[in-house]
Every structure is written in C-alpha cells, then in structure tokens.
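Notes for the structure review
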Amino acid sequence: MNQSIRTVILGACLLASAACPADAQRHRQTINNPVTQAVFRVYQEQLNQNPKNYDTLLRRANDYYHFDEFRKALDDVSRAIECTPSSQTDHLFREYLLRASIYNKTGRHELAIPDLQKACQLEPASQKALSMKAHTELETGKLADAKADFLRLKRLNMRDPEATLGLARIAMQENNLGMANDYLEEAVALDPNNPDIYVRRARVRQQMNQPQAAVDDLLLALGTKGGDTQSVIDALMEFSHKDYPSTIASLSNAVAQVPDNGMYRYLRASIEKEHAHYLDAINDYQYILDNNLDNYRGIYGSIAECQFALGRLDDALNNVEYALTTVSGNGPYHLLRARILRHKGQLPQALKAAADALAAMPENGDALAEMALIYAEQGNFDESMKLFGEASMNHAEEPMYYLLRANVLENSMNQPNAARGLYRRAAGLDVTGDNTLRSLSAFARLFAGDDVAEITAQVENELAQSSDTNGYLNYLAACFFAQADDFDRALAAAEKSLKNGYANYYNWTEYSDGRVNCAPLRDDLRFLQLLHRNKSLFTND
C-alpha cells in the first residue's frame, strides 16, 4: 500500500472514532496510572517537608498542565511565584510563562499579558515569550502592541516565519488585504519545505474569507514531505465544517488533476461521509477499490458505515465483517457490527460484537451503551443499568448516556420517577460551547417536564445562530419538535436538514434509541412525502 494513503486512512479512522469523548478519558487514564501517581506522591512528600519548595511546585504544575489539570496547575504555579526569591530569575521566567500558558489555555487572555510582560523583562531575548505575548495581544485586540512585538520578533530572527504570519493576521484585521497577502507569501518563501507553514497560511486565509485558497494550502501541506499528516487532516475536517462546498471543490479539483491519486479521493470520501453525503462517499471508496488504488480492507469498513446510515443493513454487515478479517482489533468496526446485529434482532451475536468492541476500546462510552441496550432488549436490566452507569461515570459530561438509561427505566422498567431524575441530571450538565450537547440538553429538559415554549424558543434561537453545514442540528431539531408533538416545526426542521444534505436514512426511518429520534413523525404522510422528494440523497435509483 502507498504509505501516504495508509497515513490518510489511519488519520480518517482516528477522526471517525473521535465521536466518543476519548480525549478527556485518555488524560484521566494517564494521570491515574501507577507510575504517574508515584511521581505525584513524591512531589507531595517533598512539599510536606517544605511547603515553599518552589522548584517542586513548578515541576508539579508543569505535570498538571500537561495532563490538562489546569486549575491544579494554576494553584501550584501561583504558589511557586510567591515562594521564589527574586534572585532566581530563571525559575521566575519559567513560572510566569507557565501561568500565562494556563491563562491562555483557559481563555483568560487578559490575565496572561501581565505575566508575559514580566517574562519578557526577565528574558528580553526570549523569542518564545515574545511570540506568546504578541499572539496574546492579538487575541485580545491590542493590535498596536501585537504589531510592535511581531516586528521586534522579526528583527530577532529574520528567517522565522512566525512573526510574518502574525503581521499578516494584523494586516487582515486592519482590512489591508493586499499587505496581508504579501506577508503570507513572504512567510511561505521563508520556509517553503515546511508543511506546517501551509497549514498556518490556510488558517489566515480562512479568516480572510478565502476558503478555497485555504483548502488548497492544506493540500499543498499534504504533498510536502516531513509534516504532521494528522494535523492537516484535522484541519481539513475542521474547514469542511465551516465551508463544505469549498473544501469539496478543492479536493475535487485535486482529484480531477490526478484521478488515480488514492489519497485525495480517500480524503474526499472521508469528508463526504463526515457530512452525511453517503452515496458520494461510497462512490469514491468504490472507485479506489475498483481501480486498485488501494487494497486496505478498512475501506470496506468505511463503506459499511455509509451503508448502515443508508439503511442497507445486510450490505453493511457483509462489508464490516470482511473488514474485520484483517483489522480484527478495530473497535469502531466491532461496535458498528454490534449495532447492525442488534437492529437485525440477532442479540446474542450483537452482545459478542459489543464485547469485542469493549476489548479493543476499554471504557468507551458508546460501546458500554450499546452493550447496555442489548442487555435491555434481552430483559437483563440489572446488567443494562450497570453498564449505563459506567458509561455515565466515565463520560459524565455526555447527556446521551443519561437519556438512554432514563428511557430504559421509563419505558422498559416502569420507573418514571427514576427516569425523571436522570433527565434532570442530564439537563443540568454544562454544555457550553457545543451545539450538539445543547440540543441533547433540550431533550432532557423536555422529558424532565420543563416549559415546552421556553425550550422551543431556545432551540429555535440556537438554530438561527448555527450554519448547520451538514444538516445534523436541524435533524436533532426535527426529532425534538416531533417528541414535543409540534409536527409543523418538526417538518420545517426536517426539510432544512435534508436541504443541507443530511442523508442518514436509517436515522430518519428506523433509529429509536433514547427518544432522541423522529419516530412520532414516521406516520405523518407529509414526512413520508418529504423523504420521497429527497430520495436522491438515499438512493441512486
């Protein structure tokens, strides 16, 4: 297999599995492993002996920072600063820099600037501190200060494109697009063999409302050896959610120029799948197979995901099982197989597939929930509740696991009060900044008995502020309004979702887990007619 294609495939598989809240879980597992805990015990013993040991406080703060434990890191580094003698300039420099990084990571940029000023005073020649200060000033709208610092940074190192890219961003904000483009060209000329420079220019071009040029830069980055391919794939996916047509247009142009380059076609298919354009994705995946551009059986797993979404369960099962003959440890494929088997009513086989998924992805919330749903359908409610509880404990920020568990309690176990308590817990989760989680919170509030008119206004307000590039948020809105018995609003949201290309026929017509579905609409003739008018999304016939 072509190595670059394999790298892209692996990156796309990572993105596919990222639907689960794995990152926070990974950090928790790492910080809780025995070796790490032993290190933290040593830190604590040293601080018990000398609470003002600024070196230990700084080292522990650094470790907390790398495990995303920002509150603890901030406490430690602030204590370190208080305890560090003024003569220890090297320690103070590192402490102020770390605290500024924590403030920036947690969105408190204004608080970072005084610390960065102190760091720059302690180490005037530090390009790292000056760069952080310039970027933080830019983030807070202090354009004059940022420009002065970027110019100084440029004088310190004429070959480093960092300052030039910063100046390009400032020129853009000053609406001097000609100068911004000149700076961008200069930055690339300084380091043309560095893939990261194209990624960074792409981000500035995106801010300048040049989406297709931005995606073209990302493709240039992919074609430049030695870069972090995963970061480029992440950026492409990110850009596609902001401007799907431009992303696909650039990839299609690349495919047209080199039609037998499997990497571009695979990337296009992965983005099409991500945006629920399943027929287009299947066509691209199948072209790769038919033209022998790649023989990786995981492609059959990707096709299976698309077929499952289109409601073609038998085809999906055949393909995912074929994929698993050579990638047997792939957790997402085992999970997909479990879902297909459950929805085909083959519960013992589904349970085994869910166990295989958990073996490959220990503590994965979706795998735990899938096994819980299978047990519930078998009537084994004790095991079902344990697994739902484990999923909620491992991923306490996810409303969906509470919703699924509450639905089983209410409809299968006849425990409406216990279910209402779980709905209330889900409604109380912090869902700031995530449109999907806010939508799930609206369901929780609805099922907990909150005022329907108030929740409806909230949902409509969020829809009005969202671009909803793939139609998924309007799909969730259609489900919400259907569950609230507001069929007119549900149909309007469904029409918008389909217009934006949301082609998950299985979700539209079959999915029924956890009441986050449009099941009440399925007997409405208007809904059936709407699906028929949009059948080109689901079938080539």
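Keep in mind that what you see is a predicted model, and the values were worked out from it rather than measured.

With respect to the overall build of the protein
- On a plain count of helices and strands, the protein comes out with 31 helices and zero strands.
- Taking 24 Å as the expected radius of gyration for a compact globule of 541 residues, we find that the protein reaches 26 Å, a close match to that expectation.
- Put simply, the protein has 541 residues, and 52% of those count as buried.
- Here the protein displays about 24500 Å² of accessible surface, and carbon together with sulfur accounts for 47% of that area.
- Positive and negative charge centroids in the protein, built from 55 and 71 side chains respectively, lie 3 Å apart.

Section: the environment of Tyr-285
- The residue Tyr-285 is located in helix H17 (residues 278–290) in this model.
- Residues Tyr-285 and Arg-265 lie 20 residues apart in sequence; the distance between their C-alpha atoms is 7.7 Å.
- Those residues in contact with Tyr-285, other than ones at most four positions away along the chain, are Tyr-266, Ala-269, Ser-270, Lys-273, Ile-299, Ser-302, Ile-303 and Cys-306.

Concerning empty space enclosed by the protein
- Per the counting criterion, the structure on display carries two cavities of 30 Å³ or more.
- What lines the largest cavity is Asn-435, Ser-439, Phe-443, Val-459, Glu-462, Leu-463, Ser-466, Leu-473, Leu-476, Ala-477 and Phe-480.
- Looking at the lining of the largest cavity, the elements that each hand over two or more residues are helix H26 (435–448), helix H27 (452–465) and helix H28 (472–483).
- Sorting elements by how many residues they give to the lining of the largest cavity places H28 first, with four residues.
- Across the lining of the largest cavity, the residue classes break down as seven nonpolar, three polar and one charged.
- Around the second largest cavity sit Gln-206, Pro-211, Val-215, Phe-239, Asp-243, Ser-246 and Thr-247, which together line it.
- Secondary structure elements with two or more residues in the lining of the second largest cavity: helix H13 (211–222) and helix H15 (244–257).
- Classifying every residue of the lining of the second largest cavity gives three nonpolar, three polar and one charged.

Structural notes on the environment of Ala-168
- Within the secondary structure, Ala-168 sits in helix H10 (residues 161–173).
- Relative accessible area serves as the criterion here: at 0%, Ala-168 is assigned to the buried category.
- Sequence-wise, Ala-168 and Asp-450 are 282 residues apart; in three dimensions their C-alpha atoms are separated by 49 Å.
- Look past the residues within four positions of Ala-168 in its chain and what remains in contact with it is Ala-180, Tyr-183 and Leu-184.

Quick word on the packing of helix H5 (residues 70–83) against helix H6 (residues 89–105)
- In the contact formed by H5 and H6, the axes pass within 10 Å of each other and the chain directions differ by 150°. Classed by the angle they form, the pair H5 and H6 counts as roughly antiparallel. As for how H5 packs across H6, the hand of that crossing is left-handed. For the pair H5 and H6, the contacting residues are Phe-70, Ala-73, Leu-74, Val-77, Ser-78, Ala-80 and Ile-81 in the first and Leu-92, Glu-95, Tyr-96, Leu-98, Arg-99, Ile-102, Tyr-103 and Lys-105 in the second.
- In terms of residue class, the contact of H5 with H6 is made up of 11 nonpolar, one polar and three charged.

A short note on the nonpolar core
- The biggest cluster of nonpolar side chains holds 105 residues, and the ones touching the most others in it are Leu-403 and Trp-508.
- Setting aside residues no more than four positions away along its own chain, Leu-403 makes contact with Tyr-423, Leu-440, Phe-443, Ala-444, Phe-447, Gly-514 and Val-516.
- If you look at the next biggest cluster of nonpolar residues, it comprises 46 residues, including Leu-130, Leu-153, Met-172 and Leu-267.

A short note on the pattern of salt bridges
- Overall, the coordinates contain 41 salt bridges when judged by the stated rule.
- A salt bridge links Asp-314 to Lys-344; the shortest N-O distance between them is 2.5 Å. One end of the pair, Asp-314, is in helix H19 (residues 313–324); the other, Lys-344, is in the loop between helix H20 (331–343) and helix H21 (347–360), and 30 residues separate them in sequence.
- Under the relative-accessibility criterion, Asp-314 is labelled partly exposed at 47%.
- Exposure remark for Lys-344: the relative accessible area of 31% places this residue in the partly exposed category.
- Measuring nitrogen to oxygen at the nearest pair gives 2.8 Å for the salt bridge that ties Arg-424 to Asp-450. Taken together, the positions of Arg-424 in helix H25 (residues 416–427) and Asp-450 in the loop between H26 and H27 put the pair 26 residues apart, joining distant regions of the chain.
- What you see here is one network of salt bridges that share partners, running through Arg-339, Arg-342, Asp-366, Glu-370, Glu-377 and Asp-513.

Some points on the confidence of the model for the protein
- In the predicted model, the protein carries a mean pLDDT of 89, and 94% of its residues have values of at least 70.
- The secondary structure element of the protein with the lowest average pLDDT is helix H2 (residues 22–31), at 44, and the one with the highest is helix H31 (residues 525–533), at 97.
- Under a pLDDT of 50 for its full length, residues 12–29 has, in the predicted model, 26 contacts with residues more than four places off or in other chains.

Describing helix H22 (residues 365–378)
- The end-to-end C-alpha separation of H22 is 20 Å, in line with the 20 Å expected for 14 residues at 1.5 Å each.
- In terms of burial, H22 is a largely internal element, 12 of the 14 residues being buried.
- All of the buried residues in H22 are Gly-365, Asp-366, Ala-367, Leu-368, Ala-369, Glu-370, Met-371, Ala-372, Leu-373, Ile-374, Tyr-375 and Ala-376.
- Tucked into the core, H22 has its buried residues touching H20, H21, helix H23 (381–394) and helix H24 (399–411).

Let's talk about the state of the cysteines
- Applying the stated criterion across every chain yields a total of zero disulfides.
- Distance from the sulfur of Cys-479, which forms no disulfide, to the nearest cysteine sulfur (Cys-518) is 4.7 Å.

Side note on the packing of aromatic side chains
- Within this structure, the stated rule accounts for 18 aromatic pairs.
- Relative to Phe-538, the ring of Tyr-505 has its centre 4.8 Å away and its plane inclined at 50°; by these criteria the two rings are tilted. Here the residue Tyr-505 occupies a position in helix H30 (residues 505–509), and Phe-538 occupies one in the segment after H31, the gap between them amounting to 33 residues.
- We classify Phe-538 as buried; its relative accessible area is 8%.
- Arranged with centres 6.0 Å apart and planes meeting at 55°, the rings of Trp-508 and Phe-527 form a pair that is tilted. On the criterion of sequence distance, the pair formed by Trp-508 in helix H30 and Phe-527 in helix H31 is long-range, its members being 19 residues apart. Neither Trp-508 nor Phe-527 differs from the other in exposure class; each is buried.

Describing unusual backbone geometry
- In this structure, Asn-175 takes a positive phi of about 65° despite not being glycine.
- Along the chain, Asn-175 falls in the loop between H10 and helix H11 (177–190).
- One non-glycine residue, Asn-292, lies in positive phi territory at about 55°.
- Tracing the sequence through the fold places Asn-292 in the loop between H17 and helix H18 (298–309).

Criteria and cut-off values
Residues numbered from 1 in each chain as written. Predicted model: local features only at pLDDT ≥ 70, side-chain atom pairs only at ≥ 80, totals over all residues. Heavy atoms only, no water. Helix = DSSP H or I, 4+ residues; strand = E, 2+ residues; numbered from the N terminus. Rg over C-alpha atoms; globule rule 2.2 N^0.38 Å. Buried < 20%, exposed > 50% of the residue type's maximum accessible area, 1.4 Å probe, protein only. Areas by Shrake-Rupley, 256 points an atom, 1.4 Å probe, with all protein chains shown as cover. Lys, Arg positive; Asp, Glu negative; His and termini not counted. Charge placed at Lys NZ, Arg CZ, Asp CG, Glu CD. Contact = heavy atoms within 4.5 Å. 1 Å grid on protein atoms, 1.4 Å probe; cavity = no way out; pocket = protein on both sides within 12 Å on 5 of 7 lines; lining within 4 Å. Points joined across faces, edges and corners; volume = space filled by probe spheres on them. Nonpolar A, V, L, I, M, F, W, Y, C, P; charged D, E, K, R; others polar. Axes fitted to C-alpha atoms, helices over the stretch in contact; angles between N-to-C directions. Parallel < 35°, antiparallel > 145°, perpendicular 65-115°, else oblique. Left-handed = near helix turned anticlockwise from the far one by under 90°. Core = buried A, V, L, I, M, F, W, Y, C linked by side-chain atoms within 4.5 Å. Salt bridge = Lys/Arg side-chain N within 4 Å of Asp/Glu carboxyl O. pLDDT = per-residue confidence, 0-100. Expected span 1.5 Å × (residues − 1). Disulfide = S-S within 2.5 Å. Phe/Tyr/Trp six-rings, centres within 6.5 Å; stacked < 30°, edge-to-face > 60°.

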